[in-house]
Amino acid sequence: MPRSKRFRRARLFVLVLVVLLVAGTAGAGFFAVQTVRSSFPVVEGSVKVAGMTAPVDVKRDGNGIPQLYADSSEDLFRAQGYVQAQDRFWEMDVRRHITAGRLSEMFGSGQVETDSFLRTMGWRQVAQQEYDQLLAPDTKKYLQAYSDGVNAWLAEHPGDSSASLEYTLLGAVNGDYKPEKWDPVDSVSWLKAMAWNLSGNLQEEIDRSLLAQDFSPEKIDQLYPAYPYDRNGTIVKTGKVGPGGNYLPGDGTTTPLPAAPAATTQGRAGSEALLKDVADRMGALPQLLGRPGQGIGSNSWVVGGQFTTTHKPLMANDPHLGPALPSVWYQMGLHCRSVGPACRFDAAGYTFAGMPGVVIGHNQNISWGFTNLGADVTDLYLEKVTSPETYLVDNQQKTFTTRKETIKVAGGEDRTIVVRTTDRGPLISDKSTEQQNVGKYAPAGNAPDRAAGYGVALQWTALIPGKTMDAVFKLDQAADWDAFRAAAADFAVPAQNLIYADTKNNIGYQAPGRIPQRTKGDGRYPAPGWDSSYGWKAEPVPFQSLPYSFNPPAGYIVTANQAVVDQSYNYLLTKDWEYGTRAKEISTQITDRLKNDGKISPDDMRMMQLDNTSVMAKTLVPLLLKVRIDDPYVREAQDLLKDWNFHQDADSAAAAYYNAVWRQLLTLAFGQKFPAGLRAEGDCLLVRQKRDSTLPDDDLNPAPPVTVCGTRDPDQAQPDGGDRWTEVVRSLLDQPDSPWWEFKDANHQSQQGLGKLLAESLKNARQELTAKLTKDISTWSWGRLHTLTLTEQTLGKDDSSVASGLVHKLLNRGPYELSGGTAAVNAAGWNAAAGYQVDWVPSMRMVVDLSNFDGSRWINVGGASGHAFNDNYNDQTALWAKGELLPWAWSPEAVDQATRHRLVLTNG
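Residues numbered from 1 in each chain as written. Predicted model: local features only at pLDDT ≥ 70, side-chain atom pairs only at ≥ 80, totals over all residues. Heavy atoms only, no water.

An unreviewed UniProt entry annotates the chain as Penicillin acylase family protein originating from Kitasatospora sp. CMC57.

Structure (structure tokens):
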């Protein structure tokens, strides 16, 4: 008989109090201390691990970062599985339940909707197909060895207090839960979560459709302006695809494409309720890498040896992802004592706990880094559902492919759902067999009659089995440019920008990924599923046709989510690039340092990562200073901007005020006009409602106003103030009478004109910061507003009960006051629609020195350990916040010198 919720909460509350005493009281009892410490990993001596054929050395430095040394590839990955389980098994266990849609088994009925959505997409099924049908034999061997290592640890720590504190907490409410053995497909499935959060423009596709209920296509286009190719440039000089399909790097000639057809509006007006429902469900998914869509970015760049003080290439990378504890990255070295046929690996860098291999880093010959390519790899289709079993295509009835999924629920009854799939993909608007939300309003235009309603189907490249897991192991072994490109050819999802450098003084760039070719449309809006002319060709863009560059004449390459190529390129990659502000700033810094025969040092690379400059402020601040402000109270704050250097340092009062003005400007110009489905929860506006059409609606008989509140998760609300919004505002500043500058003032009176809106923004920002900080502007600082709290996300966000709130206080860390900003190189992002709290960050930073790998540096936003009170839980965070980097030992001599703990894994 399941325990009552009240009893479970009471027991959890008592347990949390005990653990809090352990954390905060020096004289805590033996049992409580053991509860916290019993799961800490053994880091010295020796332990037996089943399956080991020879001893493996595990050398940890003072930050708990392990370097592994083995005699065979299988032993190396077996050891990687064991060691990652030591530090991160709780995180690994929760992640595999997410990717399999099995969270309800751990956490109960509150996760059923999330599980339903994930089961509908079928991440686990696709991963199983990849493993069964596509992956190379060696890849399967390495995955199995990794799983064996995890399971060797799990056999000693069977999901109780010996495994982690979280299992102790979980046991208070779900005492029947025991972790299953690790399976190779658990590792492959993680690639689907990675792809989901880096899946391009899916959120933009939905947002444009929701905007269509209130705005014309021309107005929406103003909110998604064209990429500024002339100002911010592209990653590579656009080449062309030759007759044989091979990409020819840019040589100054281009092949213009015919003008793209106008984006269709067929079937999207009136579908706002349906798309809002899909967006809400997407927003409810656990964000393991951060919020999906625009805003999730990264920086990487590489400088050739002719321009460096080391005379060999230097590489920098800092992926921008959602902050969390444990941190998404796990630093590690994987070394064969002797590299050869029996043991093929000698690599170090950033890994994912739960997946073998090194994802970003270097080996003995090359270094590589990632940023998100942002290719449009997802399309939504509105489907005419004619019955529970059928849907309409070209006026013909088609039958859904269906499968049943049983969701096991801790403390409750199983739930069975039916997943319906069209020829293009799963119907993600389905919730369960009990409730099919398939549309409430008939769309306009020449769409078919709604009848039983509409559904929304998802076509996504990650739902097509691929070989990305092969690519990871190939990257780790690549010795030169050709081997690097061969690895990239298998990197199907997520589509990434890959940069390259080697010890022979070469640098390069490759755009990999499965990128669809559309038969009709450009992917900017949901397509009419009832028309078969919309869809994807059987084959994606061929890899040999994708852009690359090798030793470009400029001597450096910058990727920061800007456009890869211009519009003359033969294939459509996306129309939703990031707008290139960070890329332009990095390129400018490089060229400035190279003037007058200057050279770039490793520390220059680090300092460039910390650039806090607000590029938009350089344009906007002169206009703000021209605004006449009569109120001395507001003018005092305005004067902060006079001598500001546009750096968003944590201690800057001017940066605090500027960003508050920027937030108010976006709210007045855009947020006030947006539908509730895009505005943040709690953002409530007085809106004039539409009257019954039989009644006159004029100034003498106005419709009474009503309060309409936003419904979107604040982290994903609009306008978020990111790079796109800087381009939107920039493009409108020369139109002082644009309708976008119409707004309602504090008295709900209509005002018009850019000058008035800037004045109102200055006034509102002064009032906001007085309320949030103090009346005394000398005490203001950007860091007091712009704070980061590292949250333990695997237990969810629910703080509604005292017990769960205490759990999060127990496991979270912060707040930390941060420099930087959304469109700055030091991209500590915040959502202007929600507030100033940091919601995505440079999740790690690295600078690789190809002349001497021991001269490389790295840092993680958190730490190596996933155990909350371990010394290495978040020991890197304070250093990361200050922009510091740790030494990155590579050679055996440097590793030995840095080693603080040595463990030997022996044959069990």
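Here the narrative resumes, following the displayed structure.
Here we look at the overall build of the chain
Note the following rule: Numbering of helices and strands runs from the N terminus, with a helix taken as a DSSP run of H or I at least four residues long and a strand as a DSSP run of E at least two residues long. Throughout this description, buried means an accessible area under 20% of the type-specific maximum (1.4 Å probe, protein chains only), exposed means over 50%, and partly exposed covers the range between. Contacts between residues were defined by any pair of non-hydrogen atoms, one from each residue, lying within 4.5 Å. Areas reported as accessible are Shrake-Rupley estimates using a 1.4 Å probe. Residue values count occlusion only from the protein chains shown.
Scanning the chain from terminus to terminus reveals 26 helices and 34 strands. Within the chain, the proportion of its 908 residues that are buried is 62%. Once local pairs closer than 6 in sequence are excluded, the contacts in the chain between residues at least 24 apart make up 73%. Put simply, the chain shows about 33,600 Å² of open surface, and 50% of that area lies on carbon and sulfur atoms.

Some details on the sheet that holds strand β2 (residues 56–60)
Applied cut-off: Strands pair, by our definition, only if DSSP identifies at least two bridges between them. Between the N-to-C directions of two axes lies an angle of 0 to 180 degrees, each axis being a line fitted to C-alpha atoms and, for a helix, fitted only over the stretch in contact.
Strand order in the open sheet formed by 11 strands is β1-β34-β2-β3-β8-β9-β10-β11-β18-β19-β21, with mixed pairing between adjacent strands. Taken across any chain shown, the strands that pair with only one partner, and hence form the sheet edges, are β1 (45–49) and β21 (548–550). When strand polarity is set aside, the average angle formed by the axes of neighbouring strands in this sheet is 15 degrees. Direction of pairing for strand β8 (residues 330–336) relative to strand β9 (residues 346–351): antiparallel, over a ladder of six bridges.

Things to note about the pattern of salt bridges
To keep things clear, this is the line we draw: Note on definitions: salt bridges are taken to be side-chain nitrogens of Lys or Arg within 4 Å of carboxyl oxygens of Asp or Glu.
Tallied over the entire structure, the rule returns 43 salt bridges. The salt bridge involving D186 is made with R124; its shortest N-O contact spans 2.5 Å. With D186 in helix α9 (residues 184–197) and R124 in helix α6 (residues 123–134), the pair connects residues that are 62 residues apart, well separated along the chain. R124 gets classed as partly exposed once you look at its relative accessible area, which sits at 22%.

Details of the UniProt feature "active site" (unreviewed entry) in the chain
Threshold: UniProt positions are given in the numbering used here, feature names are shortened, and annotations may be inferred rather than shown by experiment.
The residues that UniProt annotates with the feature "active site" (unreviewed entry) are S298. Mapping S298 onto the fold places it in strand β6 (residues 298–303). Assessed through its relative accessible area of 5%, S298 is described here as buried. Those residues within four positions of S298 in sequence are excluded, and the remaining contacts are D318, P319, H320, F370, T371, N372, T559, A560, N561 and R582.

A few points about the UniProt feature "binding site: Ca(2+)" (unreviewed entry) in the chain
Those residues carrying the UniProt feature "binding site: Ca(2+)" (unreviewed entry) are E205, D376 and D379 in this numbering. These residues run over 175 residues, yet every pair of their C-alpha atoms falls within 10.0 Å of each other. Within the fold, E205 resides in helix α10 (residues 202–211). Sequence-distant contacts of E205, defined by excluding residues within four places in its chain, comprise T378, D379, L380, G523, R524, Y525 and P526.

Some thoughts on the pairing of β9
Put simply, side chains in a regular strand alternate between the two faces of the sheet. Most of β9 sits inside the fold, with six of its six residues counted as buried. Bridge count between β9 and strand β10 (residues 360–363): four bridges; the pairing is antiparallel. For Y350, the partnering residue across the bridge sits in β10 and is I360.

A word on the pairing of strand β7 (residues 314–321)
For β7, the tally of buried residues reaches eight of eight residues, placing the bulk of the element in the interior. Residue alternation in β7 divides its side chains into two sets, L314, A316, D318 and H320 and M315, N317, P319 and L321, and both sets are buried. Bridge analysis of β6 against β7 gives six bridges, and the strand direction is antiparallel. When the sheet's bridge partners are listed, S298 is paired in β7 with P319. Bridging between β7 and strand β31 (residues 844–849) involves four bridges; their strand directions are antiparallel. Of the residues in β31, the one forming a bridge with N317 is M846. The pairing of β7 with strand β30 (residues 838–842) spans two bridges and is antiparallel.

Here's the deal with the side chain of E585
Operational definition: Only four residue types enter the tally: Lys and Arg on the positive side, Asp and Glu on the negative side, with His and both chain ends excluded.
For E585, the position within the fold is in helix α16 (residues 581–594). It turns out E585 is buried and unbridged, and the closest side chain with the opposite charge, K618, is 4.4 Å from it. Leave out the neighbours within four places in its chain, and E585 touches D611, T613, V615, K618 and V825.

Let's talk about the environment of V472
As for its placement among the helices and strands, V472 is situated in helix α14 (residues 468–477). Spatially, the C-alpha atom of V472 lies 9.3 Å from that of T139, the residues being 333 residues apart in sequence. Sequence-distant contacts of V472, defined by excluding residues within four places in its chain, comprise M355, P356, G357 and V358.

Here's the deal with unusual backbone geometry
For the peptide bond that leads from V493 to P494, omega is -10 degrees, which places it in the cis range. Considering the arrangement of structural elements, one finds P494 in the loop between α15 (481–489) and β18 (496–502). Of the consecutive residues G814 and P815, the connecting peptide bond is found in the cis state with omega at 5 degrees. Position of P815 among the secondary structure elements: in strand β28 (residues 813–817). In this structure, N505 takes a positive phi of about 80 degrees despite not being glycine. Structurally, N505 can be placed in the loop between β18 and β19 (507–510). By relative accessible area, which is 31% here, N505 ends up partly exposed.

What about the nonpolar core?
Under the convention used in this document: By nonpolar core we mean a set of buried residues, namely Ala, Val, Leu, Ile, Met, Phe, Trp, Tyr and Cys, connected to one another through side-chain atoms within 4.5 Å.
By size, the foremost hydrophobic cluster in this structure holds 237 residues, and its most contacted members are F670 and L905. For this core, the element with the most residues is helix α20 (residues 653–669), which contributes 13 residues. Excluding anything up to four places from it in sequence, F670 contacts L223, P719, W725, V728, V729, L732 and W740. Among the nonpolar cores identified, the runner-up in size contains 10 residues, and F400, L427, A527 and Y534 belong to it.

Considerations on the packing of aromatic side chains
The line we're drawing: Only Phe, Tyr and Trp rings are paired, with Trp represented by its six-membered ring, and only when their centres lie within 6.5 Å; those with planes under 30 degrees apart are stacked, over 60 edge-to-face, the remainder tilted. We count a charge as sitting over a ring when the NZ of a lysine or the CZ of an arginine lies within 6 Å of the ring centre and within 35 degrees of the ring normal.
Applying the stated rule across the entire model yields 47 aromatic pairs. Measuring from centroid to centroid gives 6.4 Å for W481 and Y548, while their planes differ by 45 degrees, and the two rings are tilted. Within this pair, whereas W481 is found in helix α15, its partner Y548 is found in strand β21, the two being separated by 67 residues in sequence. The same class applies to W481 as to Y548, namely buried. Between the aromatic rings of F674 and W725, the centroid separation amounts to 6.0 Å while the plane-to-plane angle is 50 degrees, which identifies the pairing as tilted. Residue F674 is located in the loop between α20 and β23 (684–688), and its partner W725 is located in helix α21 (residues 723–732); the two are separated by 51 residues in the primary sequence. The two residues F674 and W725 agree in class, both being buried. One aromatic cluster is present, built from ring pairs that chain together Y247, W481, F484, Y500, Y548, F550, Y569 and Y571. Across the ring face of W740, the terminal group of K219 is positioned such that the distance to the ring centre comes to 4.8 Å. Here the guanidinium or amino end of R766 rests over the ring plane of Y633, the centre of that ring lying 3.8 Å away.

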